[in-house]
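Chain and residue survey
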Amino acid sequence: MGSLYSEYLSPSKVREHYNYTKETLDTQETPSRQVALALIIILCFAIVVENLLVLIAVARNSKFHSAMYLFLGNLAASDLLAGVAFIANTLLSGPVTLGLTPVQWFAREGSAFITLSASVFSLLAIAIERHVAIAKVKLYGSDKSCRMLLLIAASWLISLALGGLPILGWNCLGHLEACSTVLPLYTKHYVLCVVTIFSVILLAIVALYVRIYCVVRSSHADVAGPQTLALLKTVTIVLGVFIVCWLPAFSILLLDYACPVRSCPVLYKAHYFFAFATLNSLLNPVIYTWRSRDLRREVLRPMQCCRRAAGVQGRRGGTPGHRLLPLRSSSSLERGTHMPTSPTFLEGNTVV
């Protein structure tokens, strides 16, 4: 066991594994590669800024402290950290990869797996919350906020455990024949296990939404109102975008498990599939701010403040800028809804 962990700091282990699984090693920085890296980093910074604005909006307004928005905030937090992880992964990829020690490589890849796990568990929590709200089951009780926070904390602990398994020993150091081609220090069985867990959870989420739609369609008008259907449409869009963005990456990882080493050239292009998957973290904030007037107004408030401050600065001695009014409630949250613990997205409040 001691000899295994001593290899974690070996500067030659990463190169050894890449030499075994890859036909050629990417050791040159070409202009096209530099442009691609710059675009990816810009995309990741956009992901961080978008999700940070959503988190600020949820934190600063008590209207968004309901179960639904807390889980959406958790999803935004995982997307924000995913953006940070993607930036680190990009900067440490290419020729830099071969100079990493195994422990640095595990930290680089593990951070991406942790944020992906957190996103999947956030989607599961949102689906459970919607099912609870529609079925009117009192799952949370009087201390619902505490239980919701415990559920969020548990999802992050499980995500840390899943992402940390390789650095704790479930890797292929010393067993080259068991290595993944896409992730050369991960064992194929670990990759298959993680993809299987995520796929099962996503299937369970889809099943929950199918049941929710069946309940809504067959229930009375107070449950199957336009607000409820609009909110279901929003969270279904979020789930659908996640599946569309990550399905190619999951497929390439399953193919990696099935293919013997150096027998599937498409695996050497896996970074394109993962780059496409990063779009999910960019699109999520766009979806639920586009669908909610209240959240959109609150997200845009910091930019409005900056613009107003700039206007006041430019009009020294002139009329002072308008004071920013408090956020007013719209019908999307409070008017005509029968589920006060969950926000509602109205089609009437959406600019399509």
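Everything that follows concerns the structure shown earlier in this document.
Residues numbered from 1 in each chain as written. Predicted model: local features only at pLDDT ≥ 70, side-chain atom pairs only at ≥ 80, totals over all residues. Heavy atoms only, no water.

**Things to note about helix α10 (residues 279-290)**
The condition is simple: Numbering of helices and strands starts at the N terminus; helices are DSSP runs of H or I of at least 4 residues and strands are runs of E of at least 2. In this analysis, the expected span of each helix is defined as 1.5 Å times one less than the number of residues it contains. Residue burial is assigned from relative accessible area. The probe radius is 1.4 Å, only protein chains are included, and a residue is buried under 20% of its type maximum, exposed over 50%, and partly exposed in between.
In this model α10 runs 16 Å from its N-terminal to its C-terminal C-alpha over twelve residues, within 8% of the 16 Å that 1.5 Å per residue would give. Taken as a whole, α10 has its buried residues at N280, S281, L282, N284, P285, I287, Y288 and T289.

**Regarding the layout of surface pockets**
Take a probe with the size of a water molecule and roll it over the atoms, and the empty space left behind shows itself. Inclusion rule: Space inside and on the surface of the protein is sampled on a 1 Å grid over the protein atoms alone, with a cavity defined as a set of points where a 1.4 Å probe fits but cannot get out and a pocket as an open set with protein on both sides within 12 Å along at least 5 of 7 lines; lining residues have an atom within 4 Å of a point. Grid points are joined across faces, edges and corners, and a volume is the space filled by probe spheres set on the points.
Taken as a whole, the largest pocket spans an internal volume of roughly 1,400 Å³. Around the largest pocket sit 41 residues that line it, and N89, S93, A270, H271 and Y272 are the ones nearest its centre. Mapped onto the lining of the largest pocket, the elements with two or more residues apiece are α3 (31-60), α4 (67-91), α5 (102-135), α7 (188-218), α8 (226-258) and α9 (270-277). It is α5 that provides the largest number of residues to the lining of the largest pocket, a total of six residues.

**As for empty space enclosed by the protein**
Quick note on the threshold: The residue classification treats Ala, Val, Leu, Ile, Met, Phe, Trp, Tyr, Cys and Pro as nonpolar and Asp, Glu, Lys and Arg as charged. All others, Gly included, are polar.
Counted by the stated rule, this structure contains one cavity of 30 Å³ or more. The volume enclosed by the largest cavity comes to roughly 50 Å³. As for the largest cavity, its lining consists of D79, A82, F86, A112, T115, L116, S119, F242, W246, N280 and S281. Of all the elements in the fold, those that place two or more residues in the lining of the largest cavity are α4, α5, α8 and α10. Broken down by class, the residue content of the lining of the largest cavity amounts to six nonpolar, four polar and one charged.

**Some details on the packing of α3 against α4**
For clarity, the cut-off: Between N-to-C directions, angles span 0 to 180 degrees; the directions come from axes that are lines fitted to C-alpha atoms, helices contributing only their stretch in contact. Roughly parallel refers to an angle under 35 degrees, roughly antiparallel to one over 145, roughly perpendicular to one between 65 and 115, and oblique to any angle outside these ranges. What makes a crossing left-handed is the near helix being turned counterclockwise from the far one by less than a right angle; a clockwise turn instead makes it right-handed. We call two residues in contact when some of their heavy atoms are within 4.5 Å.
Contact geometry of α3 with α4 gives a least axis separation of 8 Å together with a crossing angle of 155°. The angle between α3 and α4 falls in the class roughly antiparallel. Where α3 crosses over α4, the two elements pack in a sense that is left-handed. Between α3 and α4, the residues in contact are L37, I40, I41, C44, F45, I47, V48, N51, L52, V54, L55 and V58 and Y69, G73, A76, A77, D79, L80, G83, V84, F86, I87, T90 and L91, respectively. In terms of residue class, the contact of α3 with α4 is made up of 19 nonpolar, four polar and one charged.

**Points about the state of the cysteines**
The condition that has to hold: Note on disulfides: each one is a pair of cysteine sulfur atoms within 2.5 Å.
Here the structure, examined in full by the defined rule, presents two disulfides. At a sulfur-sulfur separation of 2.1 Å, the disulfide partner of C172 is C179. Sign of the S-S torsion, about 105° for the bond between C172 and C179, identifies this disulfide as right-handed. Its relative accessible area of 1% is what places C172 among the buried residues. Judged by relative accessible area, C179 falls into the buried class, the value being 4%. C259 shares a disulfide with C264; S-S distance 1.8 Å. Taking the torsion about the S-S bond as the criterion, the C259 to C264 disulfide, at about -75°, is left-handed. The exposure class of C259 is buried, given its relative accessible area of 7%.

Distances and angles like these do not, on their own, reveal function.
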